[in-house]
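Tertiary structure, described
These are the residues of each chain, in order.
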Amino acid sequence: MASRPTVLLVEDDPVFRMGLSLLLKSSPRCVLVGEVEDGESALKFVRRQPVQVVLLDIGLPGLGGEQTLRQLKQSHPEIKVLVLTSRDEARLVQKMVQAGADGYCLKGIAPEHLLRVIEEVSAGHGWFDSKVLAELREALGSAEQNLAGPTQTVSLSEREREVLQWIARGASNPEIGRHLHISSGTVRVHVHAILSKLGASDRTQAAVIAIERGLLPYNSTEQNSP
């Protein structure tokens with residue numbers, strides 16, 4: 001049985017933090033190892049104690065969410081950071097992706113769904129809320145219309161496009177395999193090919209690049225629980 005991911009909660013709203021803390025403490029799917037209210041405290045915490053996933057709010061006092069994310073990734077690149085916020089502006093999402101976010105959730109996500117996302121992000125599977133991806137695609141699409149030069153084309157096979165659509169939904173390799181009726185090993189081969197063709201370093205970046213280049217149909221990012 002896989003070990004439960006250890007989680008550090010970084011949230012400045014005491015009421016929301018208490019609710020999340022109760023959820024994480026009562027769940028058998030993860031281990032809450034700490035909770036802090038600002039970025040400075042988060043950086044101090046990870047220096048003292050190993051953490052696998054940081055659940056990070058953006059609107060933090062002091063250092064702020066973006067700089068906290070950047071410094072976490074610079075000092076502890078192995079830590080996965082899942083942003084949990086009420087803000088879905090495409091420009092902000094882009095900045096957080098560039099800073100190294102491994103996932104992006106909107107507050108209001110169902111508790112069981114959040115727990116699954118924490119597991120997925122801990123396992124290295126990037127995950128983005130469907131509304132966030134839709135906003136990001138719309139913004140990037142508008143920007144592309146204003147560009148004079150041609151965009152770089154990427155040739156993906158039909159199967160690779162199918163796998164890419166499930167990657168954008170946050171599905172794991174076994175889940176993709178079940179949906180497409182192929183083995184997890186075959187999924188891994190397709191994922192490797194997709195990352196290589198897109199020049200992406202991970203699944204999250206691949207989904208964002210695919211949106212930038214119009215490789216995903218609009219409804220491919222809708223949340224469907226696998």
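Residues numbered from 1 in each chain as written. Predicted model: local features only at pLDDT ≥ 70, side-chain atom pairs only at ≥ 80, totals over all residues. Heavy atoms only, no water.

1. Some details on the pattern of salt bridges
- Considering all chains together, one arrives at 13 salt bridges under this definition.
- As a salt-bridge pair, Arg 29 and Glu 112 come within 2.9 Å of each other at their nearest N and O atoms. You can see Arg 29 sitting in the loop between helix H1 (14–26) and strand E2 (31–36) and its partner Glu 112 sitting in helix H5 (residues 111–122), a full 83 residues away along the chain.
- Linking Arg 70 and Glu 66 is a salt bridge whose minimum nitrogen-to-oxygen distance equals 3.1 Å. On the criterion of helical spacing, the pair formed by Arg 70 and Glu 66 is a turn pair, its members being 4 residues apart in helix H3 (residues 65–75).
- The exposure class of Arg 70 is partly exposed, given its relative accessible area of 26%.
- Each of Glu 11, Asp 57 and Lys 107 takes part in salt bridges that share partners, so that together they form one network. (Salt bridge = Lys/Arg side-chain N within 4 Å of Asp/Glu carboxyl O. Helix = DSSP H or I, 4+ residues; strand = E, 2+ residues; numbered from the N terminus. Buried < 20%, exposed > 50% of the residue type's maximum accessible area, 1.4 Å probe, protein only.)

2. Some details on the environment of Leu 22
- Within the secondary structure, Leu 22 sits in helix H1.
- Its relative accessible area of 55% is what places Leu 22 among the exposed residues.
- In this structure the C-alpha to C-alpha distance between Leu 22 and Leu 32, which are 10 residues apart in sequence, comes to 9.5 Å.

3. Considerations on the pairing of strand E5 (residues 103–106)
- The alternating pattern of E5 places Gly 103 and Cys 105 on one face and Tyr 104 and Leu 106 on the opposite face, and all of these are buried.
- As paired strands, strand E4 (residues 80–85) and E5 are joined by 4 bridges and run parallel to one another. Bridge pairing in E5 places Leu 82 opposite Gly 103.
- With helix H4 (residues 90–99) bridging E4 and its parallel neighbour E5, the resulting β-α-β unit is right-handed.
- Strand direction decides the pairing type here: E5 and strand E6 (residues 127–128), joined by 2 bridges, are parallel. Within the sheet, the bridge partner assigned to Gly 103 lies in E6 and is Trp 127. (Pairing = 2+ DSSP bridges. Right-handed = clockwise from strand over helix to strand, strands pointing away.)

4. Some points on unusual backbone geometry
- Positive phi, normally seen in glycine, also occurs at His 181, with a value near 60°.
- Position of His 181 relative to the elements: it lies in the loop between helix H8 (173–180) and helix H9 (184–198).

5. Focus on the UniProt feature "modified residue: 4-aspartylphosphate" (unreviewed entry) in the protein
- Feature annotation in UniProt assigns "modified residue: 4-aspartylphosphate" (unreviewed entry) to the following positions: Asp 57.
- Among the structural elements, Asp 57 can be located in the loop between strand E3 (53–56) and H3.
- With sequence-adjacent residues up to four places away left out, Asp 57 is seen in contact with Val 10, Glu 11, Asp 12, Gly 65, Leu 84, Thr 85 and Lys 107. (UniProt positions renumbered as here; feature names shortened; annotations may be inferred. Contact = heavy atoms within 4.5 Å.)

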